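One-letter residues, chain by chain:
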Amino acid sequence: MCGGAFRFSHVIFRLTVIFWGWTVAGQAEAEVADRGYVVYRDNCRDCHLSTGMGIREMNAPSIAGLPRWYVTDQLREFRRDQRGGHDDDAAGQLMQIKAKSLGERDLAFVGRYIESMAVNPARNTLDLPTIVTPPARYLADCAGCHGEQAEGNRRERGPPLTRQPDWYLLKQIESFQTGRRTHGDASKLEALAEAEVKAIVAWIVGIKEQ
Ligand code: HEC
Ligand code: HEC
């Protein structure tokens, strides 16, 4: 009898410990999510909107669904003048000011929040033609770092290209070609003709989100 009661209270004790651990872990997760939301609301929403879809008139792209590692890579580049430091890059300079005002921990929190946001489904804003087959040039020169379906390749630090709108992708490619922004492999982009760039972007913005 006595042993049974002991075992019973022991089980209750164990269950309480497990439940407590689970609640604390749950709270920590929730705090991370809340903190990401707060950082985003207070620092990013004005230009990227609460949906993460961006405001074209401000040159602010949709960023919803970008992976956490890419968001933190970019925020760090803005902070270190590796992106947005060019005299002729007003859009990048806006982001530099924001990125420099964030603490290191907040970079990770906000990256996680952005990763969790639903991707922009309307990325073809320029009425680009529908292209369903990946352009040969893309497969040869870009897929190695950006993925066969432009889903990104973390090992190569190549971001997915299926979250951003057409006007932004075109503008970034132009920035890489003119030296306003540094690319993983500048020579690949410099070699592209205008028609090839348009075909690649038209195909990318037609890819349905995986
Ligand atoms: C004052 C307006 C403004 C605010 C506020 C702002 N951004 Fe931006 N953001 C921009 C602009 C403009 C660009 C495009 C820069 C370019 O063209 O190179 C951009 C680009 C970015 C990019 C790069 C996207 C890509 O695909 O390369 C990321 C990531 C980003 N912003 C995250 C954030 C985060 C996180 C915050 C809040 C901490 C924030 N932004 C606040 C204007 C803003
Ligand atoms: C060697 C790897 C590599 C290859 C090859 C490559 N890229 Fe990139 N690309 C990157 C990296 C890394 C970045 C992020 C640059 C940064 O850190 O600012 C990037 C960024 C971009 C961006 C900007 C995305 C954004 O959200 O701002 C575009 C657009 C792009 N690449 C297009 C292309 C195209 C088109 C090709 C083929 C012609 C190509 N890339 C080939 C590595 C590569």
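Owing to the predicted nature of the structure, the values given are computational and were not obtained by experimental measurement.

Visitor: Please clarify how helix H8 (residues 166–178) should be interpreted in this entry.
Guide: Owing to its 3.6 residues per turn, the α-helix aligns residues three or four sequence positions apart on the same side. Taking 1.5 Å of rise per residue, 13 residues should cover 18 Å, and H8 covers 18 Å from first to last C-alpha, within 8% of that figure. Looking at H8, one finds that the buried residues are Tyr 168, Leu 169 and Ser 175. One side of H8 carries all its buried residues, which in axial view fall inside an arc of 125°. Looking at the residues trailing H8, positive phi occurs at Gly 179, about 85°.

Visitor: Got a minute to help me understand the site of ligand 2 in this structure?
Guide: In the vicinity of ligand 2 there are 24 residues, among which Cys 142, Cys 145, Gly 158, Gly 184 and Asp 185 approach most closely. At the level of elements, helix H3 (68–79), helix H7 (143–146), H8 and helix H9 (186–190) are the ones that each hand at least two residues to the shell around ligand 2. Among the residues making up the shell around ligand 2, the classes are represented as 9 nonpolar, 7 polar and 8 charged. A domain-level breakdown of the shell around ligand 2 finds at least three residues from each of domain 1 (1–120) and domain 2 (122–210).

Visitor: What am I meant to see in the packing of H3 against helix H4 (residues 90–101) here?
Guide: Two quantities define a packed helix pair, namely the angle between the axes and the distance from one axis to the other. At their nearest, the axes of H3 and H4 sit 8 Å apart, and the two run at 100° to each other. In terms of axis orientation, H3 runs roughly perpendicular to H4. The residues of H4 that touch H3, namely those facing Leu 75, Phe 78 and Arg 79, are Met 95, Gln 96, Ala 99 and Lys 100. In the contact of H3 with H4, the residues fall into 4 nonpolar, 1 polar and 2 charged.

Visitor: Teacher, can you tell me more about unusual backbone geometry here?
Guide: Where the residue is not glycine, phi is negative for most of them; where a peptide bond is considered, it is trans in most cases. Not every positive phi belongs to a glycine, and Asp 81 is a case in point at roughly 65°. When you line up the elements, Asp 81 lands in the loop between H3 and H4. Within the chain, Ala 150 stands out as a residue other than glycine whose phi angle is a positive 60°. With respect to the secondary-structure elements, Ala 150 resides in the loop between H7 and H8. Given 24 C-beta atoms within a 10 Å radius, Ala 150 is considered buried.

Visitor: Sorry if this is basic, but what is going on with helix H10 (residues 194–206) here?
Guide: With 13 residues, H10 should reach 18 Å at 1.5 Å per residue; the first-to-last C-alpha distance of 19 Å fits that figure. Listed as buried for H10 are Ala 199, Ile 200, Val 201, Trp 203, Ile 204 and Val 205. Check the buried side of H10 and you find it contacts helix H6 (136–141) and H8.

Here is what the cut-offs are and how they apply
- Residues numbered from 1 in each chain as written.
- Chains lettered and ligands numbered in written order.
- Predicted model: local features only at pLDDT ≥ 70, side-chain atom pairs only at ≥ 80, totals over all residues.
- Helix = DSSP H or I, 4+ residues; strand = E, 2+ residues; numbered from the N terminus.
- Expected span 1.5 Å × (residues − 1).
- Buried ≥ 20, exposed ≤ 12 C-beta atoms within 10 Å, placed from the backbone.
- Arc of directions from axis to C-beta.
- Near = placed C-beta within 6 Å.
- Nonpolar A, V, L, I, M, F, W, Y, C, P; charged D, E, K, R; others polar.
- Domains from an automatic or database assignment.
- Axes fitted to C-alpha atoms, helices over the stretch in contact; angles between N-to-C directions.
- Parallel < 35°, antiparallel > 145°, perpendicular 65-115°, else oblique.
- Contact = placed C-beta atoms within 7 Å.

These figures come from the coordinates and say nothing about function on their own.
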